[in-house]
Amino acid sequence: LAFKDPQLNGLIAQALARNPDAKTAAARLAEARANRVESLTHYLPQGDVQGSQRRTDTKQLAGTVFNFPGFSSSGVSDASTVNLNASWEVDLFGRFFATSKAANGDLAAARFDYEGARASLAANVPDAYFQARGLAIQLADALESQRIEQELYDSATKRAQVGIAPTSDADRVAGDLAQAKAQAEALSAQLQVERRTLLILAGRIVDPTANITVGASVGDLPPVADMLPGELLKRRPDGREASARVAAATGRSQLDVLSFLPTLDWTPGLTWQKQSQPGFAITAQSVINGGAFTQPLFSIPRLLSELKAQDARSEQAVIAYEKAVQTAFADSEGALVNLDADRRRVALLTDGEARAARGYNAAKLGYDRGLTDLQTALSAEQSWRATRSQLTAAKVQAARRTIQVYKALGGGW
(Lines give C-alpha, C1' and ligand atoms only; values in the text may rest on other atoms or scores of the structure.)
Protein backbone atom coordinates (compact mmCIF):
# COMPACT_ATOMS: atom_id res chain seq x y z
CA LEU A 1 0.00 0.00 0.00
CA ALA A 2 2.90 2.38 0.69
CA PHE A 3 3.85 2.41 -3.00
CA LYS A 4 0.35 3.62 -3.92
CA ASP A 5 0.28 1.46 -7.05
CA PRO A 6 -3.17 -0.10 -7.69
CA GLN A 7 -1.79 -2.60 -10.19
CA LEU A 8 0.83 -3.80 -7.69
CA ASN A 9 -1.83 -4.16 -4.98
CA GLY A 10 -3.99 -6.16 -7.36
CA LEU A 11 -1.15 -8.50 -8.33
CA ILE A 12 -0.32 -9.20 -4.68
CA ALA A 13 -3.97 -9.89 -3.84
CA GLN A 14 -4.26 -12.27 -6.80
CA ALA A 15 -1.05 -14.05 -5.82
CA LEU A 16 -2.23 -14.58 -2.23
CA ALA A 17 -5.49 -16.05 -3.52
CA ARG A 18 -4.31 -18.11 -6.51
CA ASN A 19 -0.62 -18.94 -6.21
CA PRO A 20 0.09 -22.66 -5.55
CA ASP A 21 2.51 -21.80 -2.73
CA ALA A 22 -0.21 -19.92 -0.86
CA LYS A 23 -2.67 -22.77 -1.40
CA THR A 24 -0.13 -25.33 -0.20
CA ALA A 25 0.57 -23.30 2.94
CA ALA A 26 -3.17 -23.08 3.64
CA ALA A 27 -3.51 -26.86 3.24
CA ARG A 28 -0.63 -27.43 5.69
CA LEU A 29 -2.37 -25.16 8.20
CA ALA A 30 -5.61 -27.12 7.83
CA GLU A 31 -3.66 -30.34 8.39
CA ALA A 32 -2.11 -28.91 11.57
CA ARG A 33 -5.55 -27.97 12.91
CA ALA A 34 -6.82 -31.50 12.29
CA ASN A 35 -3.72 -33.02 13.94
CA ARG A 36 -4.28 -30.90 17.04
CA VAL A 37 -7.87 -32.10 17.40
CA GLU A 38 -6.76 -35.68 16.85
CA SER A 39 -4.09 -35.54 19.57
CA LEU A 40 -6.39 -33.94 22.16
CA THR A 41 -9.39 -36.21 21.58
CA HIS A 42 -7.21 -39.11 22.76
CA TYR A 43 -8.01 -37.99 26.32
CA LEU A 44 -11.78 -38.11 25.76
CA PRO A 45 -13.77 -41.33 26.34
CA GLN A 46 -12.98 -43.84 23.63
CA GLY A 47 -15.18 -46.67 22.52
CA ASP A 48 -17.30 -48.09 19.73
CA VAL A 49 -20.63 -49.83 19.44
CA GLN A 50 -20.31 -53.32 18.00
CA GLY A 51 -23.18 -55.50 16.92
CA SER A 52 -23.63 -58.85 15.25
CA GLN A 53 -26.52 -60.97 13.97
CA ARG A 54 -26.29 -64.61 12.95
CA ARG A 55 -28.95 -67.08 11.83
CA THR A 56 -28.28 -70.84 11.47
CA ASP A 57 -30.68 -73.29 9.80
CA THR A 58 -29.81 -76.88 10.85
CA LYS A 59 -31.32 -80.04 9.38
CA GLN A 60 -30.35 -83.36 10.92
CA LEU A 61 -29.78 -85.91 8.20
CA ALA A 62 -29.20 -89.02 10.33
CA GLY A 63 -29.31 -90.20 13.92
CA THR A 64 -31.86 -89.93 16.63
CA VAL A 65 -34.04 -86.84 16.72
CA PHE A 66 -34.84 -85.48 20.15
CA ASN A 67 -37.81 -83.20 20.46
CA PHE A 68 -37.19 -82.15 24.02
CA PRO A 69 -37.10 -78.35 24.44
CA GLY A 70 -33.56 -77.13 24.18
CA PHE A 71 -32.17 -80.42 22.91
CA SER A 72 -33.40 -80.49 19.33
CA SER A 73 -30.60 -80.43 16.77
CA SER A 74 -32.80 -79.36 13.88
CA GLY A 75 -34.32 -75.96 13.23
CA VAL A 76 -33.41 -72.29 12.99
CA SER A 77 -31.13 -70.65 15.56
CA ASP A 78 -30.69 -66.87 15.96
CA ALA A 79 -27.94 -65.07 17.86
CA SER A 80 -27.85 -61.27 18.34
CA THR A 81 -25.23 -59.29 20.26
CA VAL A 82 -24.67 -55.58 20.91
CA ASN A 83 -21.59 -54.37 22.82
CA LEU A 84 -20.51 -50.95 24.00
CA ASN A 85 -17.01 -51.06 25.43
CA ALA A 86 -15.53 -47.75 26.49
CA SER A 87 -12.17 -46.64 27.82
CA TRP A 88 -11.27 -43.35 29.44
CA GLU A 89 -7.80 -42.49 30.62
CA VAL A 90 -7.94 -40.87 34.03
CA ASP A 91 -5.40 -38.06 33.70
CA LEU A 92 -4.06 -37.61 37.21
CA PHE A 93 -0.62 -36.33 36.24
CA GLY A 94 -1.31 -33.64 33.62
CA ARG A 95 -0.66 -35.52 30.39
CA PHE A 96 -3.52 -33.64 28.73
CA PHE A 97 -1.96 -30.26 29.47
CA ALA A 98 1.46 -31.37 28.19
CA THR A 99 -0.13 -32.75 25.01
CA SER A 100 -2.16 -29.57 24.62
CA LYS A 101 0.98 -27.45 24.94
CA ALA A 102 2.75 -29.49 22.25
CA ALA A 103 -0.30 -29.50 19.94
CA ASN A 104 -0.90 -25.78 20.35
CA GLY A 105 2.77 -25.13 19.63
CA ASP A 106 2.63 -27.20 16.46
CA LEU A 107 -0.53 -25.39 15.33
CA ALA A 108 1.00 -21.99 16.04
CA ALA A 109 4.15 -22.98 14.14
CA ALA A 110 2.04 -24.06 11.17
CA ARG A 111 0.12 -20.78 11.31
CA PHE A 112 3.31 -18.72 11.32
CA ASP A 113 4.70 -20.89 8.52
CA TYR A 114 1.52 -20.03 6.61
CA GLU A 115 2.04 -16.33 7.32
CA GLY A 116 5.70 -16.61 6.32
CA ALA A 117 4.80 -18.22 3.01
CA ARG A 118 2.31 -15.45 2.28
CA ALA A 119 4.83 -12.78 3.33
CA SER A 120 7.46 -14.24 0.99
CA LEU A 121 4.92 -14.37 -1.82
CA ALA A 122 3.81 -10.80 -1.12
CA ALA A 123 7.47 -9.74 -1.32
CA ASN A 124 8.28 -11.76 -4.44
CA VAL A 125 5.54 -10.07 -6.45
CA PRO A 126 6.78 -6.45 -6.03
CA ASP A 127 10.36 -7.64 -6.42
CA ALA A 128 9.52 -9.07 -9.84
CA TYR A 129 7.33 -6.05 -10.54
CA PHE A 130 10.17 -3.59 -10.02
CA GLN A 131 12.55 -5.78 -11.98
CA ALA A 132 10.07 -5.59 -14.84
CA ARG A 133 9.89 -1.82 -14.48
CA GLY A 134 13.68 -1.67 -14.50
CA LEU A 135 13.73 -3.64 -17.74
CA ALA A 136 11.11 -1.26 -19.16
CA ILE A 137 13.36 1.69 -18.24
CA GLN A 138 16.36 -0.01 -19.81
CA LEU A 139 14.34 -0.75 -22.94
CA ALA A 140 13.31 2.91 -23.13
CA ASP A 141 16.95 3.89 -22.68
CA ALA A 142 17.99 1.45 -25.39
CA LEU A 143 15.42 2.91 -27.79
CA GLU A 144 16.66 6.38 -26.92
CA SER A 145 20.24 5.26 -27.56
CA GLN A 146 19.10 3.82 -30.85
CA ARG A 147 17.59 7.18 -31.77
CA ILE A 148 20.76 9.00 -30.75
CA GLU A 149 22.94 6.63 -32.75
CA GLN A 150 20.65 7.11 -35.73
CA GLU A 151 21.06 10.89 -35.46
CA LEU A 152 24.83 10.52 -35.20
CA TYR A 153 24.81 8.23 -38.20
CA ASP A 154 22.74 10.68 -40.24
CA SER A 155 25.01 13.54 -39.20
CA ALA A 156 28.16 11.59 -40.02
CA THR A 157 26.73 10.60 -43.41
CA LYS A 158 25.90 14.20 -44.28
CA ARG A 159 29.34 15.40 -43.20
CA ALA A 160 30.95 12.71 -45.35
CA GLN A 161 28.81 13.67 -48.31
CA VAL A 162 29.89 17.33 -48.15
CA GLY A 163 33.51 16.28 -47.67
CA ILE A 164 34.14 17.63 -44.17
CA ALA A 165 34.43 14.20 -42.49
CA PRO A 166 35.70 10.78 -43.56
CA THR A 167 33.23 8.05 -44.50
CA SER A 168 34.74 5.88 -41.75
CA ASP A 169 32.89 8.02 -39.21
CA ALA A 170 29.54 6.81 -40.57
CA ASP A 171 30.76 3.21 -40.59
CA ARG A 172 31.86 3.47 -36.99
CA VAL A 173 28.53 4.91 -35.89
CA ALA A 174 26.73 2.21 -37.89
CA GLY A 175 28.36 -0.43 -35.68
CA ASP A 176 27.16 1.34 -32.52
CA LEU A 177 23.69 1.68 -34.07
CA ALA A 178 23.54 -2.08 -34.69
CA GLN A 179 24.54 -2.74 -31.07
CA ALA A 180 21.81 -0.40 -29.83
CA LYS A 181 19.18 -2.19 -31.92
CA ALA A 182 20.38 -5.61 -30.73
CA GLN A 183 20.26 -4.48 -27.10
CA ALA A 184 16.71 -3.20 -27.55
CA GLU A 185 15.64 -6.58 -28.94
CA ALA A 186 17.25 -8.43 -26.02
CA LEU A 187 15.65 -6.16 -23.43
CA SER A 188 12.26 -6.53 -25.09
CA ALA A 189 12.52 -10.31 -24.75
CA GLN A 190 13.62 -10.06 -21.10
CA LEU A 191 10.70 -7.77 -20.32
CA GLN A 192 8.34 -10.28 -21.92
CA VAL A 193 9.77 -13.05 -19.71
CA GLU A 194 9.47 -10.91 -16.57
CA ARG A 195 5.84 -10.11 -17.37
CA ARG A 196 5.14 -13.83 -17.67
CA THR A 197 6.86 -14.36 -14.28
CA LEU A 198 4.52 -11.80 -12.73
CA LEU A 199 1.47 -13.52 -14.21
CA ILE A 200 2.64 -16.89 -12.89
CA LEU A 201 3.15 -15.45 -9.41
CA ALA A 202 -0.35 -13.96 -9.57
CA GLY A 203 -1.83 -17.30 -10.62
CA ARG A 204 -2.81 -15.97 -14.06
CA ILE A 205 -0.78 -18.41 -16.12
CA VAL A 206 -2.88 -18.33 -19.29
CA ASP A 207 -3.33 -14.55 -19.42
CA PRO A 208 -1.51 -12.70 -22.22
CA THR A 209 1.42 -10.61 -21.05
CA ALA A 210 -0.20 -7.55 -22.60
CA ASN A 211 -2.63 -7.56 -19.67
CA ILE A 212 0.13 -6.20 -17.43
CA THR A 213 1.15 -2.61 -17.99
CA VAL A 214 4.75 -2.01 -16.95
CA GLY A 215 5.68 1.66 -16.87
CA ALA A 216 9.20 2.83 -17.64
CA SER A 217 9.54 4.41 -14.21
CA VAL A 218 10.14 3.11 -10.70
CA GLY A 219 8.05 5.84 -9.16
CA ASP A 220 8.42 7.51 -5.80
CA LEU A 221 9.71 5.26 -3.05
CA PRO A 222 7.92 5.39 0.32
CA PRO A 223 9.96 7.07 3.04
CA VAL A 224 11.53 5.05 5.82
CA ALA A 225 10.87 6.08 9.40
CA ASP A 226 13.75 7.87 11.11
CA MET A 227 13.55 5.50 14.07
CA LEU A 228 12.24 1.94 13.90
CA PRO A 229 11.45 0.23 17.23
CA GLY A 230 12.79 -3.25 17.82
CA GLU A 231 9.22 -4.33 18.60
CA LEU A 232 8.65 -4.52 14.84
CA LEU A 233 10.91 -7.57 14.62
CA LYS A 234 8.56 -9.52 16.88
CA ARG A 235 6.08 -9.64 14.00
CA ARG A 236 8.41 -11.64 11.75
CA PRO A 237 6.73 -14.99 11.01
CA ASP A 238 9.99 -16.96 11.14
CA GLY A 239 10.80 -15.77 14.66
CA ARG A 240 7.28 -16.45 15.90
CA GLU A 241 7.35 -19.89 14.26
CA ALA A 242 10.65 -20.69 15.99
CA SER A 243 9.19 -19.57 19.32
CA ALA A 244 6.13 -21.77 18.81
CA ARG A 245 8.34 -24.76 18.02
CA VAL A 246 10.17 -24.22 21.32
CA ALA A 247 6.82 -24.37 23.11
CA ALA A 248 5.86 -27.53 21.23
CA ALA A 249 9.19 -29.19 22.05
CA THR A 250 8.77 -28.26 25.73
CA GLY A 251 5.35 -29.89 25.80
CA ARG A 252 6.74 -33.08 24.28
CA SER A 253 9.55 -33.15 26.83
CA GLN A 254 7.01 -32.87 29.64
CA LEU A 255 4.97 -35.66 28.08
CA ASP A 256 8.05 -37.90 27.90
CA VAL A 257 8.74 -37.28 31.61
CA LEU A 258 5.14 -38.20 32.46
CA SER A 259 5.45 -41.44 30.50
CA PHE A 260 7.37 -42.92 33.48
CA LEU A 261 4.27 -42.60 35.67
CA PRO A 262 1.44 -45.14 35.66
CA THR A 263 -1.47 -44.87 33.26
CA LEU A 264 -4.94 -45.36 34.72
CA ASP A 265 -7.92 -46.31 32.55
CA TRP A 266 -11.59 -46.64 33.42
CA THR A 267 -13.18 -49.33 31.25
CA PRO A 268 -16.97 -49.43 31.58
CA GLY A 269 -19.05 -51.52 29.21
CA LEU A 270 -22.56 -52.60 28.31
CA THR A 271 -23.56 -55.84 26.54
CA TRP A 272 -26.96 -57.00 25.29
CA GLN A 273 -27.28 -60.54 23.96
CA LYS A 274 -30.16 -62.62 22.62
CA GLN A 275 -29.94 -66.22 21.52
CA SER A 276 -32.71 -68.52 20.35
CA GLN A 277 -32.81 -72.04 18.99
CA PRO A 278 -35.56 -74.65 18.54
CA GLY A 279 -37.32 -74.98 21.85
CA PHE A 280 -34.95 -72.63 23.71
CA ALA A 281 -34.36 -68.84 23.93
CA ILE A 282 -32.40 -66.56 26.22
CA THR A 283 -31.89 -62.80 26.49
CA ALA A 284 -29.14 -61.31 28.68
CA GLN A 285 -27.81 -57.90 29.55
CA SER A 286 -24.46 -57.22 31.22
CA VAL A 287 -23.08 -54.04 32.74
CA ILE A 288 -19.30 -53.93 33.10
CA ASN A 289 -17.48 -51.53 35.38
CA GLY A 290 -13.74 -51.93 35.69
CA GLY A 291 -10.38 -50.34 35.31
CA ALA A 292 -6.80 -51.02 34.36
CA PHE A 293 -3.44 -49.52 35.00
CA THR A 294 -0.07 -49.72 33.29
CA GLN A 295 3.22 -49.06 35.05
CA PRO A 296 6.33 -48.96 32.83
CA LEU A 297 8.99 -51.36 34.04
CA PHE A 298 11.10 -53.10 31.44
CA SER A 299 10.36 -50.29 28.97
CA ILE A 300 12.13 -47.73 31.20
CA PRO A 301 15.45 -47.91 29.25
CA ARG A 302 13.56 -47.20 26.03
CA LEU A 303 11.68 -44.32 27.66
CA LEU A 304 14.96 -42.87 28.95
CA SER A 305 16.41 -42.92 25.43
CA GLU A 306 13.29 -41.24 24.05
CA LEU A 307 13.51 -38.57 26.77
CA LYS A 308 17.16 -37.86 25.95
CA ALA A 309 16.34 -37.62 22.25
CA GLN A 310 13.46 -35.23 22.96
CA ASP A 311 15.69 -33.09 25.20
CA ALA A 312 18.14 -32.85 22.30
CA ARG A 313 15.32 -31.83 19.95
CA SER A 314 14.18 -29.21 22.47
CA GLU A 315 17.70 -27.82 22.60
CA GLN A 316 17.75 -27.67 18.81
CA ALA A 317 14.46 -25.74 18.87
CA VAL A 318 15.93 -23.22 21.31
CA ILE A 319 19.04 -22.81 19.16
CA ALA A 320 16.84 -22.39 16.07
CA TYR A 321 14.91 -19.66 17.90
CA GLU A 322 18.14 -17.86 18.82
CA LYS A 323 19.29 -18.12 15.22
CA ALA A 324 15.95 -16.74 13.97
CA VAL A 325 16.29 -13.73 16.28
CA GLN A 326 19.87 -13.12 15.17
CA THR A 327 18.85 -13.47 11.52
CA ALA A 328 16.02 -10.97 12.04
CA PHE A 329 18.38 -8.35 13.47
CA ALA A 330 20.98 -8.99 10.75
CA ASP A 331 18.41 -8.83 7.94
CA SER A 332 16.81 -5.63 9.19
CA GLU A 333 20.09 -3.84 9.86
CA GLY A 334 21.61 -4.95 6.56
CA ALA A 335 18.51 -3.97 4.59
CA LEU A 336 18.28 -0.54 6.25
CA VAL A 337 21.98 0.23 5.79
CA ASN A 338 21.92 -0.84 2.15
CA LEU A 339 18.70 1.07 1.49
CA ASP A 340 20.22 4.24 2.92
CA ALA A 341 23.24 3.76 0.67
CA ASP A 342 21.01 3.09 -2.34
CA ARG A 343 19.06 6.30 -1.76
CA ARG A 344 22.26 8.34 -1.56
CA ARG A 345 23.54 6.58 -4.67
CA VAL A 346 20.36 7.47 -6.56
CA ALA A 347 20.72 11.12 -5.55
CA LEU A 348 24.35 11.25 -6.70
CA LEU A 349 23.67 9.47 -9.98
CA THR A 350 20.64 11.66 -10.70
CA ASP A 351 22.83 14.74 -10.55
CA GLY A 352 25.59 13.00 -12.52
CA GLU A 353 23.19 11.86 -15.23
CA ALA A 354 21.87 15.39 -15.70
CA ARG A 355 25.40 16.75 -16.05
CA ALA A 356 26.42 13.96 -18.45
CA ALA A 357 23.33 14.67 -20.58
CA ARG A 358 24.25 18.35 -20.83
CA GLY A 359 27.82 17.39 -21.74
CA TYR A 360 26.63 15.09 -24.51
CA ASN A 361 24.23 17.68 -25.93
CA ALA A 362 27.07 20.20 -26.09
CA ALA A 363 29.42 17.69 -27.77
CA LYS A 364 26.71 16.64 -30.24
CA LEU A 365 26.00 20.28 -31.13
CA GLY A 366 29.73 20.92 -31.64
CA TYR A 367 30.03 17.87 -33.89
CA ASP A 368 26.99 18.88 -35.96
CA ARG A 369 28.54 22.32 -36.48
CA GLY A 370 31.95 20.92 -37.29
CA LEU A 371 33.62 22.28 -34.17
CA THR A 372 34.55 18.87 -32.67
CA ASP A 373 35.38 15.46 -34.04
CA LEU A 374 33.35 12.27 -33.82
CA GLN A 375 35.45 10.79 -31.01
CA THR A 376 34.54 13.67 -28.71
CA ALA A 377 30.83 13.21 -29.39
CA LEU A 378 31.02 9.44 -28.94
CA SER A 379 32.95 9.72 -25.67
CA ALA A 380 30.38 12.16 -24.28
CA GLU A 381 27.56 9.91 -25.42
CA GLN A 382 29.13 6.77 -23.88
CA SER A 383 29.69 8.59 -20.59
CA TRP A 384 26.07 9.69 -20.53
CA ARG A 385 24.75 6.24 -21.39
CA ALA A 386 26.90 4.60 -18.69
CA THR A 387 25.72 7.06 -16.03
CA ARG A 388 22.11 6.66 -17.13
CA SER A 389 22.40 2.87 -16.96
CA GLN A 390 23.86 3.06 -13.45
CA LEU A 391 21.05 5.39 -12.38
CA THR A 392 18.41 2.98 -13.64
CA ALA A 393 20.03 0.06 -11.81
CA ALA A 394 20.29 2.13 -8.62
CA LYS A 395 16.60 3.12 -8.74
CA VAL A 396 15.49 -0.46 -9.27
CA GLN A 397 17.81 -1.68 -6.51
CA ALA A 398 16.46 0.96 -4.12
CA ALA A 399 12.89 -0.15 -4.84
CA ARG A 400 13.76 -3.81 -4.31
CA ARG A 401 15.70 -2.92 -1.18
CA THR A 402 12.62 -1.15 0.18
CA ILE A 403 10.72 -4.41 -0.23
CA GLN A 404 13.51 -6.20 1.65
CA VAL A 405 13.21 -3.70 4.51
CA TYR A 406 9.47 -4.27 4.76
CA LYS A 407 9.99 -8.04 4.74
CA ALA A 408 12.86 -7.90 7.26
CA LEU A 409 10.72 -5.93 9.72
CA GLY A 410 7.69 -8.18 9.35
CA GLY A 411 5.65 -5.56 7.50
CA GLY A 412 5.40 -1.77 7.48
CA TRP A 413 5.54 0.68 10.34
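Let me sum up the structure you'll find in this document. Small disclaimer: the values here were computed from a predicted structure and weren't measured. (Residues numbered from 1 in each chain as written. Predicted model: local features only at pLDDT ≥ 70, side-chain atom pairs only at ≥ 80, totals over all residues. Heavy atoms only, no water.)

1. As for the overall build of the chain
- Counting secondary structure elements, the chain contains seven helices and six strands.
- Traced from its N-terminal end to its C-terminal end, the chain shows the element sequence α-α-β-β-α-α-α-β-β-β-β-α-α.
- Here the chain has a C-alpha radius of gyration of 39 Å; the compact-globule value for 413 residues is 22 Å, and the former is much larger.
- Structurally, the chain occupies a C-alpha span of about 140 × 55 × 35 Å along its principal axes.
- Looking at the 413 residues of the chain, the share that counts as buried comes to 34%.
- Counting only contacts in the chain whose residues sit at least 6 apart along the sequence, the fraction spanning at least 24 positions is 81%. (Helix = DSSP H or I, 4+ residues; strand = E, 2+ residues; numbered from the N terminus. Rg over C-alpha atoms; globule rule 2.2 N^0.38 Å. Buried < 20%, exposed > 50% of the residue type's maximum accessible area, 1.4 Å probe, protein only. Contact = heavy atoms within 4.5 Å.)

2. Notes on the pairing of strand S4 (residues 269–277)
- Bridging between strand S2 (residues 75–90) and S4 involves eight bridges; their strand directions are antiparallel. Residue pairing for S4: Asn-83 is matched across the bridge by Thr-271. (Pairing = 2+ DSSP bridges.)

3. So, the side chain of Ser-314
- Positionally, Ser-314 belongs in helix H6 (residues 300–368).
- Residues in contact with Ser-314, not counting those within four places in the same chain, are Ala-249, Thr-250 and Ser-253.

4. As for the layout of surface pockets
- Estimates place the volume of the largest pocket at around 760 Å³.
- Lining the largest pocket are 29 residues, with Ala-119, Ala-122, Tyr-406, Lys-407 and Gly-411 positioned closest to its centre.
- Those elements that place two or more of their residues in the lining of the largest pocket are helix H1 (6–18), helix H3 (95–161), helix H5 (237–258) and helix H7 (374–408).
- Of all the elements, H3 adds the most residues to the lining of the largest pocket, at nine residues.
- In this structure, the second largest pocket spans a volume of roughly 300 Å³.
- Taken together, 16 residues line the second largest pocket, and the ones lying closest to its centre are Asn-35, Ala-102, Ala-103, Asp-106 and Arg-252. (1 Å grid on protein atoms, 1.4 Å probe; cavity = no way out; pocket = protein on both sides within 12 Å on 5 of 7 lines; lining within 4 Å. Points joined across faces, edges and corners; volume = space filled by probe spheres on them.)

5. What about the nonpolar core?
- Within the largest apolar cluster, 32 residues are counted, with the highest numbers of intra-cluster contacts made by Leu-8, Leu-11, Val-125, Phe-130, Leu-191 and Leu-198.
- Sorting the residues of this core by element identifies H1, H3, helix H4 (167–201) and H7 as the ones contributing at least two each.
- Of the residues forming this core, the biggest block, 12 residues, is contributed by H3.
- Those residues in contact with Phe-130 that sit more than four places away from it in its chain are Phe-3, Leu-8, Val-218, Val-396, Ala-399, Arg-400 and Ile-403.
- Among the nonpolar cores identified, the runner-up in size contains 15 residues, and Ala-170, Ala-357, Tyr-360 and Trp-384 belong to it. (Core = buried A, V, L, I, M, F, W, Y, C linked by side-chain atoms within 4.5 Å.)

6. Re the pattern of salt bridges
- With the rule as written, the count across this model stands at 19 salt bridges.
- The closest approach of N and O atoms between Asp-113 and Arg-28, which form a salt bridge, is 3.2 Å. Taken together, the residues Asp-113 in helix H3 and Arg-28 in helix H2 (residues 20–40) connect sequence positions 85 residues apart.
- Arg-28 gets classed as partly exposed once you look at its relative accessible area, which sits at 38%.
- Salt-bridge contacts for Lys-234 lead to Glu-231; the nearest nitrogen and oxygen are separated by 3.4 Å. As far as the burial class goes, Lys-234 and Glu-231 line up, both exposed.
- Via salt bridges that share partners, Arg-236, Asp-238 and Asp-331 belong to a single interconnected network. (Salt bridge = Lys/Arg side-chain N within 4 Å of Asp/Glu carboxyl O.)

7. A few points about H2
- Given a rise of 1.5 Å per residue, 21 residues ought to cover 30 Å, and the 31 Å separating the end C-alpha atoms of H2 matches this to within 8%.
- In this structure, the buried residues of H2 make contact with H1 and H3.
- Put simply, Asn-19 is the residue that caps the front of H2, since its side-chain oxygen is 2.9 Å from the backbone nitrogen of Asp-21. (Expected span 1.5 Å × (residues − 1). Polar contact = N/O pair within 3.5 Å; in protein donor to acceptor, adjacent residues only side chain to side chain.)

8. Considering the side chain of Thr-387
- Here Thr-387 is to be found in helix H7.
- Residues in contact with Thr-387, not counting those within four places in the same chain, are Leu-349, Gly-352, Glu-353 and Ala-356.

9. Considering the environment of Ser-389
- By secondary structure assignment, the location of Ser-389 is in helix H7.
- Classification of Ser-389 by relative accessible area gives partly exposed; the value is 46%.
- Residues Ser-389 and Gln-138, spaced 251 residues apart in sequence, show a C-alpha to C-alpha distance of 7.3 Å.

10. Quick look at H4
- Over its 35 residues, H4 runs 52 Å from end to end, which matches the ideal 51 Å to within 8%, given 1.5 Å per residue.
- Positive phi appears at Gly-203, one or two residues downstream of H4, with a value of about 75 degrees.

11. Overview of unusual backbone geometry
- Even without being a glycine, Lys-4 presents a positive backbone phi close to 55 degrees.
- Examined against the element boundaries, Lys-4 turns out to sit in the segment before H1.

12. Topic: the packing of H4 against H7
- Between H4 and H7, the shortest axis-to-axis distance is 11 Å and the interhelical angle comes to 15 degrees. Here H7 runs roughly parallel to H4, going by the angle between their axes. In the packing of H4 onto H7, the handedness of the crossing is left-handed. Across the interface between the two elements, Asp-169, Arg-172, Val-173, Asp-176 and Gln-183 of H4 pack against Leu-374, Gln-375, Leu-378 and Arg-385 of H7. (Axes fitted to C-alpha atoms, helices over the stretch in contact; angles between N-to-C directions. Parallel < 35°, antiparallel > 145°, perpendicular 65-115°, else oblique. Left-handed = near helix turned anticlockwise from the far one by under 90°.)

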